Amino acid sequence: MNIQTPVIPNAQTVTEIHHWTDRLFSFRLTRPQSLRFRSGEFVMIGLPREDGKPLLRAYSIASPSWDDTLDFYSIKVEDGPLTSRLQHIRPGDQVILRPKPVGTLVIDALLPGSRLYMIATGTGIAPFASLLRDPEVYEKFEDVIVTHTCRETADLAYGKRLIDSLEEDPLIGEFAKGRVRYVPTTTKEESPNTGRITDWMGSGRLAAHLGLPELTPEEDRVMICGSMGLNTDIKALIEARGFEEGANSAPGHYVLEKAFVG
């Protein structure tokens, strides 16, 4: 007698999982052929509850729009309704994916500029993992600066591997070469770059570190994805310098992800 596995609507198969630390993991899913998204957008993913209803959360897609698989980067929350279970998935398992991508961290929402700053904390680097591997970013901006702030050095491993792999990428390696600047900082553990990125920006330390002028709305564009505190602080800091928030319908100088905190 054959025992059939229950069919989960909108499910995709786990093909790979990587545990970066005891708090962070990434995983890869199959991609439905019908799914179209812009680099930087997010989807709802999750697992079935005991009653069979889906338990879903917003997750940025960490793979670029041209990739034939879907990557995600997540925290582990011990008592979290979803991540307490999601962290235990294995290749071959099924994960629910609602194929309706949305989000504000897209190039279309920004005016043309010379430099693009991607400001992330924690798992907020996920949408930038998508954007950094999109040729359109390098067509529209001369230089890309990625800042990633975490509590400890170990938490930076995902972002470091991403940055280190860009120049070897078969599609965008040639475009990215010499044009991506990476500034990792830590807030809890001592490291070569200790401190909150908001303090770095507010004090002029970031500009000095990069050898670049202070941010201006004439030259620079900013994407922000991280904790609510980061989003609020960076927004206030750059709006004081004349930056205006952009949207798909009205591109501006900066965008931030409001759907979730990472």
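Positions within a chain are numbered from 1, following the residues in the order the chain's sequence is written. For a predicted model such as this one, the threshold for reporting local features is a pLDDT of at least 70, and the threshold for listing and counting side-chain atom pairs is 80 or more; totals across whole chains, interfaces and linings nevertheless cover every residue. To obtain the side-chain values, all non-hydrogen atoms of the structure were used and water was disregarded.

Asks: Quick one: what's the story with the overall build of the chain, residue by residue and with numbers?
Replies: Helix and strand counts for the chain come out as 8 helices and 11 strands. Compactness check: the chain gives a C-alpha radius of gyration of 19 Å against a globular reference of 18 Å for 262 residues, within 12% of the reference. Here the C-alpha coordinates of the chain stretch approximately 70 × 40 × 35 Å along the principal axes. Think of it in three bands: with a 1.4 Å probe and only protein chains considered, a residue is buried below 20% of the maximum accessible area for its type, exposed above 50%, and partly exposed in between. By residue count, 52% of the 262 residues in the chain fall in the buried class. A contact between two residues is defined here by any heavy atoms of the two lying within 4.5 Å. For the chain, contacts bridging at least 24 residues in sequence account for 72% of all contacts bridging at least 6. Computed over 29 positive and 36 negative side-chain charges, the separation of the two mean positions in the chain equals 5 Å. Secondary structure elements are taken from DSSP: a helix is a run of H or I of four residues or more, a strand is a run of E of two residues or more, and numbering for both begins at the N terminus. Note that the radius of gyration is over C-alpha atoms, with the globule rule given as 2.2 Å times the number of residues to the power 0.38. Positive charges come from Lys and Arg alone, negative charges from Asp and Glu alone, with His and the N- and C-terminal ends not counted. Throughout, a charge is located at the NZ atom of Lys, the CZ atom of Arg, the CG atom of Asp or the CD atom of Glu.

Asks: Outline helix α4 (residues 157–165), supporting the account with residue identities and numerical values.
Replies: Given 3.6 residues to a turn, an α-helix orients residues that are three or four positions apart in the same direction. Residues of α4 that are buried include every one of Y158, G159, L162 and I163, and no others. An end-on view of α4 places all buried positions within 125° of arc, on one side of the element. At its buried positions, α4 is contacted by β2 (24–30), β5 (69–75), α2 (126–131), β8 (143–150) and β9 (180–186). For this quantity, the arc is that covered by the directions from the helix axis to the C-beta atoms.

Asks: Kindly report on the pattern of salt bridges, identifying the contributing residues and their values.
Replies: Salt bridges are defined as contacts in which a side-chain nitrogen from Lys or Arg sits within 4 Å of a carboxyl oxygen from Asp or Glu. Per the stated rule, a full pass over the model turns up 14 salt bridges. Two residues, R23 and E152, come together in a salt bridge whose shortest N-O distance is 3.5 Å. Of the two residues, R23 sits in the loop between β1 (11–19) and β2 while E152 sits in the loop between β8 and α4, which places them 129 residues apart along the sequence. By relative accessible area, which is 23% here, E152 ends up partly exposed. Between R38 and D108 there is a salt bridge; the shortest N-O distance is 2.9 Å.

Asks: Give a description of the sheet that holds strand β3 (residues 42–48) that names residues and reports values.
Replies: Two strands are said to pair when DSSP picks up at least two bridges between them. Here 6 strands make up an open sheet; going across it, the order is β4-β3-β6-β1-β2-β5 and the pairing antiparallel. Two strands in the sheet have a free side with no partner beyond their single neighbour: β4 (54–60) and β5. Between one strand axis and the next, the sheet turns by 40° as a mean value, whatever way the strands run. Summarising the sheet, β2 and β5 pair through 7 bridges and their orientation is antiparallel. Angles shown run from 0 to 180 degrees and are taken between the N-to-C directions of axes, each axis being a line fitted to C-alpha atoms and, for helices, limited to the stretch in contact.

Asks: So what's going on with the environment of I197? Which residues, and what values?
Replies: By the element assignment, I197 lies in helix α6 (residues 197–203). In this structure, the C-alpha to C-alpha distance between I197 and I119, residues 78 residues apart in sequence, is 8.2 Å. Dropping the residues within four chain positions of it, I197 is found in contact with I119, T147, T149, T185, L206, L230 and I234.

Asks: Provide a residue-level description of the side chain of S63, including the pertinent values.
Replies: Note that S63 resides in the loop between β4 and β5. In terms of polar contacts, S63 uses its side chain to reach the backbone carbonyl oxygen of T69, at 3.2 Å. Once residues within four sequence positions are removed from consideration, S63 is found in contact with F37, T69, L70, D71, S130 and R133. Polar contact is the term for a pair of N or O atoms within 3.5 Å; when the atoms are in protein, one must be able to donate a hydrogen and the other to accept it, and sequence-neighboring residues count only if both atoms are side-chain atoms.

All we've got here are geometric facts, nothing functional implied.
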